[in-house]
Each structure stands twice: as C-alpha cells, then as structure tokens.
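Below, each chain spelled out in residue letters.
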Amino acid sequence: MMSAKYLAQGDLSAWLGALAQGRRVLVPVRENGAVVFRPYGPGVAPVLSRQADSPPKESVFPSTERLMEFSYSKDPENLGKVALDIKETVNAPATVVFGGRPCDARGFTVFDRVYDTKAIRDPYYAERRASTLFVTLACDAPETTCFCNSVGSSPVDADGSDVLLTPVEGGWLVEAVSERGKALLDAPALKDAPASAQEQAKAAQEAAVAAMPPAWDAAPAAAKLIEKFDDMGFWDNVSAKCISCGACTYLCPTCYCFTVTDERSGMKGERIRTWDTCMSFQFTLEASGHNPRPTKAYRLKNRVGHKFSYYPDIHKGPIACCGCGRCIKLCPVSVDIREIVRLAMELPTATAGKP
Amino acid sequence: MPILDELKAAIAKRLPELDVVIGWGKGFDALHHTPVFITSEADLDKLELGPLSVQNLATYLTRYPKTKKIGVVVKGCDSRSVVQLLQEKLINRENVVVFGFPCEGVVDLEKVKRALEGQGMEIARVSEATFQGERCTLTTGGKAGSLPMADLWADKCNRCQYHDAVMSDEFVGQRLDRKAEDAYADVAAFEAKPLAERQAFWQEQMSRCIRCYACRNACPLCVCRDQCIAQTREPNWVSQRTGVEEKFMFQMIHASHLAGRCTECGECERACPVGIPILLLKRKNNKEVLELFDYRAGIDPEAKPPLLAFKVEEEKINERGW
Ligand code: SF4
Ligand code: SF4
Ligand code: SF4
Ligand code: SF4
Ligand code: SF4
C-alpha cells in the first residue's frame, strides 16, 4: 500500500464536498428502503453500513446510453434524395464512486477484459471507465449472501478500486491503491494516519476475512458446467423456481450484455444501447423466430455457464462473478447461484456433452 | 397433528396422481423460504410452512403445459389467484390439485429490515430467526433482538379477508374464519394529495426502477410474459429506453391489464428489488372496479371478470348522460 491517511467520521462530508468539486460523486443513499447510488450534494447522507441494493454499474455502463444521434434531411432540389447526418455522442463525465464495496469495484475488472482490450476497444465504455474513480469501503461484516472469498476475491480486495477505506476507531484508514487514487488523498479533510490507525485497520481487515463463511473453490466448476451442458434434467431442476425476470442480471456488477436499438421519430432519432439480460426470451431470439435458448433452463444455464465456465475459459482464469450475492438476496424466489454451482460440481452428470 | 405434518400427509396421499407439487422449503438464510418442487415422497422432508412462506406459488401454474397434473400449496390470498386463473380458463380444473390451509399471515421482510435498522442491526446478517406467538426473535452477529409480530405482518395480512383458502381440494388444519376490513384507506389518502405531488411521488419512485420486470414475472396473472408488449420489437410499442416515462408507461400497462383481475397478492411489489410501491397502482384500479362493478377478483370460479364481459348498459356507468 502507498500513502495512508485518516478520515474522521465528522470529516466525511468535508471530504465528499472536496471530491465533488468539478466532478460528480455517486454515493449510496436510502430511498424508500432500497439503497441506491445517487449524486452527492449538500444534505445527502451516504449509507455506509451495508451493501447497496443496486451496484454502481450505471456509473460506467448506463442502462441507456446514446451511441449516436442521427437525422435525415431531404434535398430541396431533389426530394427523392435524402441525406443522413450522424453524430457520435460519447458522454464521460469525471466521476467518483464513493462507498461501494470491493465486489462493486471488482465487477468492472470483468468488464475491462471484454470492452477494453488490444483487439477491441469500446470507446463509450473505455472513456467512462477512464474518467471514473472508485473509493471503496472494505466490508467489516459479511451478509448471508456474500461469497466473494469463494471466487478469488475477499471483503478487503482492492482490485478495481483506486482508494480503499477500512473502518477504524472514529473513522477510516484511507489508502490509495492506484496512482489515480493518490490524487484524491490530497485533501484537508484527511490527516496523516497515526500508527495506531494502521494497526487497527490491519486487524479489521483480518477480522473481515475471518468473518466470511468458509470459502469453497469455484474454479473446478468451469469443467463441470461444460460436462453438464447437455444434462437438461439438471438444468430443469435448478431452474424450476426461476420466474425469468431479469433482476439478477440487472443487479449484477459483472453482467455486461447489451442490446442496440434505433429510436426514431420523424426525421430524427438516436441509436441507443440498453442493458440486456440472458434471462429474457428476447435475448437470443433470431429474426426467423427460432430461439436457441427456448426455455428458462437454457437461459439459466447460460447465466451460470457464462460466469463460471465460458468466461474463465476465454480469459484464462478469472471468474465473471464477484460474489456480491445480490442475485441471491434480491431474487423474488431466492434462486441461489452458489447452490447451482456447487450442485454442478457435486452431482453426477446424467447426459454428458459438449456445446 | 401439527399443520405441516397434516400438509405432508395430504400431499403424500395425492402425489401418485400428480407430476409435481409446489410448496415452500428452507431458503438461503433464516429469513427466507423458497419454492420447492415435490416429485417423490422423499421430497416431502423439504417442506416448510409459516410466516416466511411469502411467494405466491400459483404463479408457476401457467408455466407448465396445461396437460401437466400439478399440485399447489396456497395461502388464502394465493387461492384467489388460482380462482382467477380458472375463471379465465388459463388452467384446467381437472389438472390442478389445490392444497389450502388457514394462513395466519406472512411477514413483510421490508418491515423486518426497517425495524432491525432501528435497533442498529442488519437484516442481511441475521443468522437465526424464530416466530413464536406475538414476537419474532432474531440473532445477528451474536446480538439478539426481538420484534413484535404486530409490526411485521405484510399490509395485505392486516386487511386480509380470506385467511382460509377460498377454494381447495385438500384443506388441512382448522379454519380461522377471520376477516378484517379493507376500505382502501391507503388509496384514498394518496388520492387526497394534490396532483403535482402525486406525479412527483411516482417520478421519484420510478427513477429507481431498473426495468427488470420482476414485478411482471412474479405476478400470477401476468401471462403474456415472453410476448409482453413492453418488450416486443415488431411492433416496437415501448421504447427500450430506461427513462422515467418508459418505466411509468410500463407500470400503467401492467396495472391496466390487471384491472378487475388483480387479486392483490402483492407479489409485484414484493418482487421489486428496489422497493417501488407499485401495489398502490393496482389497488387504485381495484377500488374503482369494486365501486363500479361491485366486483372482487378471484372469489367465485363461475363469475365473469367485469372487463372480460360486455353489458350494453352498465348500472353505475352513466354512458348517455353527457
Ligand atoms: S434467478 Fe431469480 S432474479 Fe434471476 S431471472 Fe430467475 S427469478 Fe428472476
Ligand atoms: S452473479 Fe450474483 S453474486 Fe455473482 S456478481 Fe452477479 S449478482 Fe453478484
Ligand atoms: S393476506 Fe391473508 S391469506 Fe394472504 S398471506 Fe396474509 S393472512 Fe395469509
Ligand atoms: S398485479 Fe401484483 S398484486 Fe395483482 S395479482 Fe399481480 S402480483 Fe398480485
Ligand atoms: S420490479 Fe421494480 S425495478 Fe423491476 S421493473 Fe418492476 S418496478 Fe422496475
């Protein structure tokens, strides 16, 4: 770790105010029982005692994004001739996401391997990612749905974050974990951290790791899920209770599928990109009317397989799930992805196959 | 005999003639039950019943082919969904076996969450929970807490008129024969607010919507599902945008498609991951339907829902008095 600072609880709003100079700062706030990320401003009280219900995914990957504006214009000399004017629109405001959890920030490392690579760079994503910093709060008490320690992460994981806060007596120990994060530490609200705070933070981090339920290794699931690809009996069973909404995917910090539509009215319109979800019938619906994923069993297989098998396979290791547990906690019927992965690893395969 | 054992015995008796029986079992933590699908006697051990049995399992009935023989365990309110599905011929009477019981009520986990937060505890860290008589006792992170049950019942249970299933093939336990009043006071209070305030309320609430359609998919009577107007591309009725307008538009579609059909099971609102109080919209419609047509959905399998019927002259609609 680099330079360490101390933030007293009473100085939180002073620091947030400083961060908000010339930037948008998103903080978790309570709205009718739900905790969601909203812009910080005077009087806004961040909720730091628990994980937010919606992750800060919108900060870098908005649910609706305008890719371009277009307009048609008729040539007054020849009305049969129509010109098309296209304007690309990239919107990447300077942003700090404050008070997310390690899983929230780590989620974007999953996106990075897809949207910002040597071969393909998605400018919309990449520019917003570059203009967004994460000040993350280490978790001091896991929720019943948390399993970050089973997917190669931990409640104090700084992967994907720029600054890590650890709760200590009367405030937080503030550590920069990236070069970009260092710049955020240069604020009068932050004091040099006394040695005692550093020791407390170390103890708090160890306690946080120890408080997690025992880790199980999700890595072997990659091969097991492929083995079960054609075992539709297995998939029918584990998906029986799923009602095919998209809540699990829209709340997931690592789900990155999108769809593109043209929204046109008269001579003007825009091409937008919106979140998609593999739990929906439309996801792979082909123009012919054929759907390669005709039932919820096929769709749930895609979700679990993508995260725990196909993605780790393509990217040589990392699992596309950060273990945040939102898909379990907020699923209306409590579908438990941990259970599905474990059953896939434990149960014998009835009909082995390859995709 | 405890009611759960009675239920297991009743299911065991009917199981040989059924493909599957849907009930509740233990969920991922001490505060959750989850749907379980019973296909053999060995599965009966998985069954649970009590104030955490919140999901309306009738929603699964239309997810199977009509030819499947399905058993379903229902609370009083859920039984109304079954009746409504029968009225609309969306399920086959002879292929469904309904297991009813006297329901004391279910807890609203939102209320548990708020009550615990008041005591500095987090619902997501509860390791133990028991519901006994008037109190619910909980343990989180080694700390014990106790909440009065009176504060935790779902709103629908506080105004429940149908604790005992309105129809069932197998009824276990003693009927409660209890009935509360429901004068739609919540709707009336909302209607009393100025229009601008009501509009501002929905704009703020809907701004949080993630357009996930959990509200739609949890609803036992929302049966278009894959063909839902909100998602069709050809024609593209509703934009894919996630602005407040589109999101509110969808709720209006949902509410109007449920007018006179919605049985107020509350699943749409319970399913919403970001706590949007959409049941209020459904209750508004139901209040109108009750006032205009004297009709409550899902009570009588032989009745015809008013918006699926046609009368030249409606008694309470003044069609020619302009
Ligand atoms: S797993 Fe749960 S949240 Fe996801 S689609 Fe199925 S029912 Fe909805
Ligand atoms: S799959 Fe579930 S647990 Fe994993 S990152 Fe997504 S929401 Fe979190
Ligand atoms: S509304 Fe009535 S029947 Fe339904 S859960 Fe509540 S008490 Fe039970
Ligand atoms: S609209 Fe809501 S309350 Fe009405 S039947 Fe559907 S889920 Fe139940
Ligand atoms: S469940 Fe809630 S968030 Fe999802 S579409 Fe319905 S209102 Fe929106």
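Going by the structure above, here's the rest.
Here's what I pulled together on the structure shown here. (Residues numbered from 1 in each chain as written. Chains lettered and ligands numbered in written order. Predicted model: local features only at pLDDT ≥ 70, side-chain atom pairs only at ≥ 80, totals over all residues. Heavy atoms only, no water.)

A closer look at the packing of helix α7 (residues 232-239) of chain A against helix α9 (residues 296-314) of chain A
Residues and elements named next belong to chain A.
- Their axes nearest at 8 Å, the elements α7 and α9 cross at an angle of 90 degrees. By the angle between their directions, the pair α7 and α9 is classed as roughly perpendicular. Of the residues in α9, those touching α7 at M232, W235, D236, V238 and S239 are K296, A297, Y298, L300, K301 and V304.
- By residue class, the composition of the contact of α7 with α9 is 7 nonpolar, 1 polar and 3 charged. (Axes fitted to C-alpha atoms, helices over the stretch in contact; angles between N-to-C directions. Helix = DSSP H or I, 4+ residues; strand = E, 2+ residues; numbered from the N terminus. Parallel < 35°, antiparallel > 145°, perpendicular 65-115°, else oblique. Contact = heavy atoms within 4.5 Å. Nonpolar A, V, L, I, M, F, W, Y, C, P; charged D, E, K, R; others polar.)

A look at the pairing of strand β6 (residues 126-132) of chain B
All names here are of chain B.
- In the sheet, β6 pairs with strand β7 (residues 135-140) via 6 bridges, with the strands oriented antiparallel. Paired with Q132 across the bridge in β7 is R135.
- In sequence, β6 turns back onto β7 through a hairpin of 2 residues, with G133 there showing a positive phi of about 55 degrees. (Pairing = 2+ DSSP bridges.)

Some thoughts on the sheet that holds strand β8 (residues 143-148) of chain B
Residue and element names in this part refer to chain B.
- Taken in spatial order, the 3 strands of this open sheet run β6-β7-β8, and their pairing is antiparallel. Of all strands in the sheet, those with a lone pairing partner are β6 and β8, marking the two edges. Adjacent strand axes in the sheet meet at a mean angle of 15 degrees, parallel and antiparallel pairs treated alike.

With respect to the environment of N302 of chain A
All names here are of chain A.
- Tracing the backbone shows N302 in helix α9.
- Linking N302 and P62, residues 240 residues apart in sequence, is a C-alpha distance of 23 Å.
- Reaching out from N302, the side chain makes a polar contact with the side chain of R293 at a distance of 3.1 Å. (Polar contact = N/O pair within 3.5 Å; in protein donor to acceptor, adjacent residues only side chain to side chain.)

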